[in-house]
Amino acid sequence: MHLTPREQERVLLHGAAELARRRLARGARLGATEAIALVCDEVCELAWDGHDLDDVVRRAREIVGPDRLVEGVAAAVPSLQVEALFPHGTTLVHVDQPFGPPPPDGPGAVRPAAGTIDLAPGRDRRGVVLHNDGDQAVWVTSHVPLDRLNRRLRVEVDDGTDPAHLRLDIAAGTALRVEVGATRAATAVRLGGASR
């Protein structure tokens, strides 16, 4: 049998999830790897069964409670992402705090210093408007060039600048959600590095 790389990843994910299910069945706690695999496997199956994205994310947070994990896993895994195949196509599913909120001073805790930090100091900024003409909410992450977004998300730049040279002016690792049929105004910043 010949499997594509994506199919190989799906089989590997399922195998790790089955290990997690066996451990839970005998009352053992899960480490980060098998806990992540279990949630991702269930997300993929919920998507396959046609549940909508919001329902999949909500249910993903209920799969493994913090009491079933080795100490420190909830803090070590603040979020997870998996590409899941829905009836309408593949979607990146982002689950924030899949194992509940981490303790404020647990492993991996971040203690920010006082003050503020300028993001991309000195770079040109432009106003943009995002229009979602699709039938699913779209998340735009922090470092994606605005010409590489979902085709159903139209981008208008205030001064006509080519969107290929811009990204959203938001912190790394964050995203902006644009609901179905919605229009959102945002600020974009010129990409750094060598120009394309």
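Residues numbered from 1 in each chain as written. Predicted model: local features only at pLDDT ≥ 70, side-chain atom pairs only at ≥ 80, totals over all residues. Heavy atoms only, no water.

J.: It is not clear to me how the sheet that holds strand S3 (residues 125–132) should be interpreted in this structure. Could you clarify?
T.: Pairing between sheet strands relies on hydrogen bonds along the backbone, with the strands arranged either parallel or antiparallel. Taken in spatial order, the four strands of this open sheet run S5-S3-S8-S6, and their pairing is antiparallel. The open sheet terminates on both sides in strands that have one partner only, identified here as strand S5 (153–157) and strand S6 (166–168). The mean angle between the axes of side-by-side strands here comes to 40°, regardless of whether they run parallel or antiparallel. As defined by bridge partners, S3 adjoins S5 across five bridges and the pair is classed as antiparallel. Paired with Val128 across the two strands is Val157, which belongs to S5. (Pairing = 2+ DSSP bridges. Helix = DSSP H or I, 4+ residues; strand = E, 2+ residues; numbered from the N terminus. Axes fitted to C-alpha atoms, helices over the stretch in contact; angles between N-to-C directions.)

J.: Any chance you could explain the environment of Ala114 here in plain terms?
T.: Inspection of the secondary structure assignment puts Ala114 in the loop between strand S2 (89–96) and S3. The class of Ala114 is exposed, set by a relative accessible area of 84%. In this structure, the C-alpha to C-alpha distance between Ala114 and Ala84, residues 30 residues apart in sequence, is 39 Å. (Buried < 20%, exposed > 50% of the residue type's maximum accessible area, 1.4 Å probe, protein only.)

J.: How should I be thinking about the packing of helix H2 (residues 32–48) against helix H3 (residues 53–60) in this particular structure?
T.: For any two helices packed against each other, the geometry is given by the interaxial angle and the distance between the axes. The contact between H2 and H3 brings their axes to 10 Å, and the two run at 150°. Between H2 and H3, the crossing angle belongs to the class labelled roughly antiparallel. Like other packed secondary-structure pairs, H2 and H3 cross with a definite hand, here right-handed. Where H2 approaches H3, its residues Val39, Val43, Leu46 and Ala47 are matched on the opposing element by Val56, Arg59 and Ala60. (Parallel < 35°, antiparallel > 145°, perpendicular 65-115°, else oblique. Left-handed = near helix turned anticlockwise from the far one by under 90°. Contact = heavy atoms within 4.5 Å.)

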